[in-house]
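Here is how the chains run, residue by residue.
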Amino acid sequence: MDKFLIQGGQKLEGEVRISGAKNAALPLLAATILADSPIRISNMPNLRDVNTLVKLIAGLGVAIEYAGDTVTADTSTLNNQFAPYDLVKTMRASILVLGPLVARYGEAKVSLPGGCAIGSRPVDQHLKALEALGAHIEVENGYVHAKVDGRLKGGEVIFDVVTVGGTENILMAAALADGVTTIRNAAREPEITDLANMLIKMGAKIEGLDTDTLVVTGVESLHGCDYAVVADRIETGSYLAAAAITGGRVRTTHTDPALLECVLDKFEEMGAEVTRGDDWIELDMQGKRPKAVSFRTLPHPDFPTDMQAQIMAVNAIGRGFATISETIFENRFMHVPELSRMGANIQVEGNDAVVTGVEKLSAAPVMATDLRASFSLVLAALAAEGETLIDRIYHIDRGYEHIEAKLQGIGAKIKRVSG
Ligand code: EPZ
């Protein structure tokens with residue numbers, strides 16, 4: 001099992017090229033099922049999760065190629081609508097093929113995704129929304145079996161909770177439904193807008209982008225197109241956090257400040273100098289120790305839960321103390337015991353954490369537990385004195401493309417050791 005060996009203490013300086021967003025790439029891949037002619041998606045990040053979904057779509061009989069940073073898919077040979085447990089269990093977002101398969105082929109059998117380290121991750125809202133459009137849903141033996149005679153019918157969908165995946169699933173399904181669908185309490189993450197933009201390029205009719213109410217006028221068919229994945233706002237924030245925690249200066253390129261304004265505001269609250277370009281962002285910590293910052297994770301455009309662990313790591317060496325509330329997932333503080341092993345002072349009470357900054361963290365053997373927690377341990381190791389060994393880094397390979405090369409490019413002493 002691979003590990004990272006990180007020698008901490010360097011101020012990180014330089015430039016990082018940001019990849020396409022994992023959390024946009026996955027729904028965009030699922031949407032290829034809707035196209036009745038070949039579709040090409042570029043700026044695709046080469047990640048384990050992306051490769052898993054490509055494999056699952058190939059298993060449906062789709063001719064799908066992943067070469068360089070581009071995926072091309074031709075669904076004319078699709079011959080089954082079955083997404084097996086052995087693939088879905090390794091990548092929960094596979095549930096996103098459910099909506100497109102039912103909408104286009106009238107039937108789908110998709111394994112229920114399991115929970116994961118950060119929470120139970122139910123999909124009840126996905127199923128409720130599809131039923132509102134006329135799908136008949138049965139759940140048995142760990143599989144969702146969805147069917148509809150003829151086409152789905154446009155209707156009213158009201159989510160009980162703001163759900164990114166649920167919004168994406170029903171948006172894709174509604175695009176081919178017969179009639180108009182209104183999706184209320186929709187998630188507004190930039191990855192949903194990216195999906196909507198590609199669907200519109202494929203011929204879909206969608207209004208209300210970036211708002212919590214999406215109105216979709218279904219069409220008979222959707223055609224292929226050329227599309228590029230939006231920049232990864234979480235990867236961007238993660239590398240800017242590397243500059244903040246080491247007192248350095250990092251410029252992230254091929255990104256977009258508008259995708260993560262709430263996070264950039266927090267960096268400025270820490271005392272960092274943040275400069276925004278059209279497609280780049282530079283954070284200069286000027287050798288200073290950041291001020292600890294409080295926040296609550298909330299749906300976009302508020303503070304993203306996927307940046308919580310990373311900013312907690314920066315707070316761990318911050319000046320003063322800060323409170324962090326995790327309101328999205330029920331178990332997303334698993335990085336806390338690991339950061340504590342490195343000397344962090346963090347008190348957890350339910351979904352609230354109080355972080356009291358310490359001058360220095362110290363190297364220690366630690367273990368990654370989930371994707372974003374892994375990056376928070378990398379950040380802590382970059383700031384800690386000594387050599388930190390991080391185990392189970394397969395988690396990090398799910399969402400950070402070429403992470404060693406990108407970190408080495410800004411001066412980090414990091415290497416992957418196996419065994
Ligand atoms: C997406 O997960 C992201 N993953 C997550 O990123 C991200 O943390 C999350 O959105 C929130 O922003 C992808 O896009 C692939 P949700 P998703 O449905 O869609 C509850 C990362 O690190 N809920 O918005 O699964 C759920 O339990 C990953 O890149 C229901 O109750 O998240 C959670 O508490 C981690 N019923 C809340 O809603 C449902 O049917 C938000 O979940 C669906 C969700």
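Right above here is the structure, for reference.
Note that the coordinates shown come from a computational prediction; the quantities given were computed from them, not determined experimentally. (Residues numbered from 1 in each chain as written. Predicted model: local features only at pLDDT ≥ 70, side-chain atom pairs only at ≥ 80, totals over all residues. Heavy atoms only, no water.)

## As for the overall build of the protein chain
Each helix and strand in the protein chain was counted, giving 13 helices and 24 strands. Relative to the 2.2 N^0.38 estimate, which gives 22 Å for 419 residues, the radius of gyration of the protein chain is 21 Å and therefore close to what a compact globule would have. Dimensions of the protein chain, computed from C-alpha atoms along their principal axes, come out at roughly 65 × 45 × 40 Å. For the protein chain, buried positions account for 58% of its 419 residues. Counting contacts in the protein chain only where the partners sit at least 6 residues apart, residues at least 24 apart contribute 72% of the total. For the protein chain, the accessible area works out to roughly 15400 Å², and carbon and sulfur atoms hold 49% of it. (Helix = DSSP H or I, 4+ residues; strand = E, 2+ residues; numbered from the N terminus. Rg over C-alpha atoms; globule rule 2.2 N^0.38 Å. Buried < 20%, exposed > 50% of the residue type's maximum accessible area, 1.4 Å probe, protein only. Contact = heavy atoms within 4.5 Å. Areas by Shrake-Rupley, 256 points an atom, 1.4 Å probe, with all protein chains shown as cover.)

## Observations regarding the site of the ligand
Around the ligand there are 24 residues in total, and Gln125, Val164, Gly165, Asp306 and Ile328 lie nearest to it. A distance of 2.7 Å separates an oxygen atom of the ligand from a polar backbone atom of Gly165. Burial of the ligand by the surrounding chains reaches 85%, relative to a free accessible area of 830 Å². Within the shell around the ligand, the residues separate by chemical class into 11 nonpolar, 6 polar and 7 charged. (Near = heavy atom within 4 Å. Polar contact = N/O pair within 3.5 Å; in protein donor to acceptor, adjacent residues only side chain to side chain. Nonpolar A, V, L, I, M, F, W, Y, C, P; charged D, E, K, R; others polar.)

## Looking at the sheet that holds strand β3 (residues 39-42)
Across the sheet, which stays open at both edges, the 4 strands sit in the order β4-β5-β3-β14 with mixed pairing between neighbours. Two strands in the sheet have a free side with no partner beyond their single neighbour: β4 (63-67) and β14 (226-228). Pairwise comparison of adjacent strand axes, ignoring direction, gives a mean angle of 15° for this sheet. Direction of pairing for β3 relative to strand β5 (residues 70-74): antiparallel, over a ladder of 3 bridges. (Pairing = 2+ DSSP bridges. Axes fitted to C-alpha atoms, helices over the stretch in contact; angles between N-to-C directions.)

## Description of helix α9 (residues 261-270)
When α9 is considered as a whole, its buried residues turn out to be Val263, Leu264, Lys266, Phe267 and Met270. Angularly, the buried residues of α9 cover 155° about the axis, an arc narrow enough to put them on a single face. Next to the buried residues of α9 lie α8 (233-246), β16 (273-276), β17 (280-284), β18 (295-297) and α10 (308-316). Of the residues trailing α9, Gly271 is marked for its positive phi of about 105°. (Arc of directions from axis to C-beta.)

## Some remarks on the pairing of strand β7 (residues 107-111)
Working note: regular strand, side chains alternate between the two faces of the sheet. Examined bridge by bridge, strand β6 (residues 82-83) and β7 share 2 bridges and lie parallel to one another. Along β7, the bridge assignment pairs Ala83 with Val110. Pairing of β7 with strand β9 (residues 143-147), which is carried by 5 bridges, proceeds in the antiparallel orientation. The residue of β9 that forms the bridge with Ser111 is Tyr143.

## Some thoughts on the nonpolar core
In terms of nonpolar packing, the biggest core is built from 149 residues, with Leu98, Leu171, Leu199, Phe267 and Ile390 touching the most fellow members. Looking at this core element by element, the count peaks at 9 residues for helix α12 (residues 371-383). Residues within four places of Leu199 in sequence aside, it is in contact with Ala31, Leu34, Leu171, Met172, Ala204, Ile206 and Leu222. (Core = buried A, V, L, I, M, F, W, Y, C linked by side-chain atoms within 4.5 Å.)

## Section: the packing of α8 against α12
Packing of α8 against α12 leaves a shortest axis separation of 9 Å and a crossing angle of 20°. Put simply, α8 runs roughly parallel to α12. The crossing of α8 and α12 is right-handed. Residues Ile234, Ser238, Tyr239, Ala241, Ala242, Ile245 and Thr246 of α8 pack against Arg372, Phe375, Leu379, Ala380, Leu382 and Ala383 of α12. (Parallel < 35°, antiparallel > 145°, perpendicular 65-115°, else oblique. Left-handed = near helix turned anticlockwise from the far one by under 90°.)

## A word on the pattern of salt bridges
Throughout the structure, instances matching the rule amount to 20 salt bridges. For Arg40, the salt bridge is made with Asp226, and the minimal N-O distance between the two is 3.2 Å. With Arg40 in strand β3 and Asp226 in strand β14, this residue pair connects regions lying 186 residues apart in the sequence. Given the relative accessible area of 45%, Asp226 is considered partly exposed. A salt bridge links Glu282 to Arg251; the nearest nitrogen and oxygen atoms lie 3.1 Å apart. Of this pair, Glu282 sits in strand β17 while Arg251 sits in strand β15 (residues 249-253), placing them 31 residues apart in sequence. Under the relative-accessibility criterion, Arg251 is labelled partly exposed at 25%. Here the residues in one salt-bridge network are Asp2, Asp397, Glu404 and Arg416, joined through shared partners. (Salt bridge = Lys/Arg side-chain N within 4 Å of Asp/Glu carboxyl O.)

## Side note on the layout of surface pockets
When its volume is computed, the second largest pocket comes out at roughly 280 Å³. Along the wall of the second largest pocket there are 16 residues; nearest its centre are Ile245, Thr246, Gly247, Ile317 and Lys360. The biggest single contributor to the lining of the second largest pocket is α8, with 3 residues. In the lining of the second largest pocket, the residues fall into 6 nonpolar, 5 polar and 5 charged. (1 Å grid on protein atoms, 1.4 Å probe; cavity = no way out; pocket = protein on both sides within 12 Å on 5 of 7 lines; lining within 4 Å. Points joined across faces, edges and corners; volume = space filled by probe spheres on them.)

## Here we look at the sheet that holds β9
Strand order in the open sheet formed by 4 strands is β6-β7-β9-β8, and the pairing between neighbours is mixed. Each having just a single partner strand, β6 and β8 (136-140) make up the two edges of the open sheet.

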